[in-house]
Amino acid sequence: MGIAGSLIASSALAARPQKIGEVPRMAPGAAAPKGAVLEWTSQAGQPYWYRVPEKQRGKRKPALVLMLHGTGLDHGWSFWNYPIASGVFRGNDIVVSPDGLTPGNGDTFNFVQNAKDGAQIVGLIETFRAAFDIGNVYLYGHSQGAFFCYWFAGEHPELVDGIVAHAGNVLDVKHPKLAKEKVAI
């Protein structure tokens, strides 16, 4: 197979939608294949998918982007709704898509503004900082994940540089001076 054929084959594989249970498992670290969708388990016992960039472009360190789903969804949501696997969306960054810890409807888990869910995200940030040389840390939340992002930014402003809250609102959130000065919303 020529170079063009290899590129087409690898692009088709990278763009293939992943299914729960079909994603290769590998701990975050130097051995993790670049550009591949991988699965691992948080210190709290929940699965997550992640992708590291194929190569660093320029001098900017890759950002760590945690994508938090809404009610009734799971950790596959962000990879199914954004072209993360192909590297089109946040291709220069490390993207992590975890499940929350608070039981939701059926077999789902939510991100709720509490110490347990917060500690899991702190643990993921620490895990990826230990495994990779990362730059900024961003949280992207959809719906219930957006509510959580606002809360997390107030509770842990020292850990995040910015949040995107998509289809969510602010509920009972304390934003200390550091959060107001440091965290972009």
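1. With respect to the sheet that holds strand S3 (residues 64-68)
Here's step 1: With mixed pairing, the six strands of this open sheet are ordered in space as S1-S2-S4-S3-S7-S8. Each end of this open sheet is capped by a strand with a single partner; those strands are strand S1 (38-41) and strand S8 (162-166). Neighbour-to-neighbour, the strand axes of this sheet turn through a mean angle of 20 degrees, independent of strand direction.
Here's step 2: Strand direction decides the pairing type here: S3 and strand S4 (residues 94-98), joined by three bridges, are parallel. In the strand pairing of S4, leucine 64 is matched with isoleucine 94.
Here's step 3: Packing against the sheet, helix H3 (residues 115-131) makes contact with strand S2 (47-51), S3, S4 and strand S7 (137-142), and its axis sits at approximately 150 degrees to S3.
Here's step 4: Lying on the sheet, helix H4 (residues 144-155) is in contact with S3, S7 and S8; it crosses S7 at an angle near 145 degrees.

2. Topic: the nonpolar core
Side chains of a nonpolar character, in soluble globular proteins, are inclined to be buried together.
Here's step 1: Membership of the largest hydrophobic core comes to 30 residues, with the highest contact counts inside it found for Leu64, Leu66, Ile121, Ile125, Phe128, Leu139 and Phe152.
Here's step 2: When residues in this core are grouped by element, the largest group, six residues, is from H4.
Here's step 3: Filtering out sequence-adjacent residues up to four positions away, leucine 64 remains in contact with Ile94, Val96, Ile125, Phe128, Ile134, Asn136, Val137 and Tyr138.
Here's step 4: Ranked by size, the runner-up nonpolar core spans twelve residues in total, among them Met67, Ile84, Ala85 and Tyr140.

3. A short note on the pairing of S8
In regular strands, side chains alternate between the two faces of the sheet.
Here's step 1: Here S7 pairs with S8 via five bridges, running parallel. The residue of S8 that forms the bridge with glycine 141 is alanine 165.

4. Quick notes on the pattern of salt bridges
A side chain of one charge can pair with a side chain of the opposite charge when the charged atoms of the two come close.
Here's step 1: Throughout the structure, instances matching the rule amount to five salt bridges.
Here's step 2: Here arginine 51 ties to glutamate 54 by a salt bridge, and the two come within 4.0 Å at their closest N and O atoms.
Here's step 3: Residue arginine 51 is classed as buried on the basis of its relative accessible area, which comes to 2%.
Here's step 4: Notably, a salt bridge pairs aspartate 93 with arginine 90, separated by 2.6 Å at the nearest N-O pair.
Here's step 5: The network of salt bridges with shared partners includes Arg60, Arg90 and Asp93.

5. Digging into the confidence of the model for the chain
Here's step 1: On average, residues of the chain score 85 in pLDDT, and 87% of them reach the 70 mark or higher.
Here's step 2: Below pLDDT 50 for its whole length, residues 1-15 participates in five contacts with residues either more than four positions away or in separate chains.

6. Topic: unusual backbone geometry
Here's step 1: One non-glycine residue, arginine 90, lies in the positive phi region at around 55 degrees.
Here's step 2: Looking at where arginine 90 falls in the secondary structure, it is placed in the loop between helix H2 (77-81) and S4.
Here's step 3: When its relative accessible area of 34% is taken as the criterion, arginine 90 is described as partly exposed.

Cut-offs applied
- Residues numbered from 1 in each chain as written.
- Predicted model: local features only at pLDDT ≥ 70, side-chain atom pairs only at ≥ 80, totals over all residues.
- Heavy atoms only, no water.
- Pairing = 2+ DSSP bridges.
- Helix = DSSP H or I, 4+ residues; strand = E, 2+ residues; numbered from the N terminus.
- Axes fitted to C-alpha atoms, helices over the stretch in contact; angles between N-to-C directions.
- Contact = heavy atoms within 4.5 Å.
- Core = buried A, V, L, I, M, F, W, Y, C linked by side-chain atoms within 4.5 Å.
- Buried < 20%, exposed > 50% of the residue type's maximum accessible area, 1.4 Å probe, protein only.
- Salt bridge = Lys/Arg side-chain N within 4 Å of Asp/Glu carboxyl O.
- pLDDT = per-residue confidence, 0-100.

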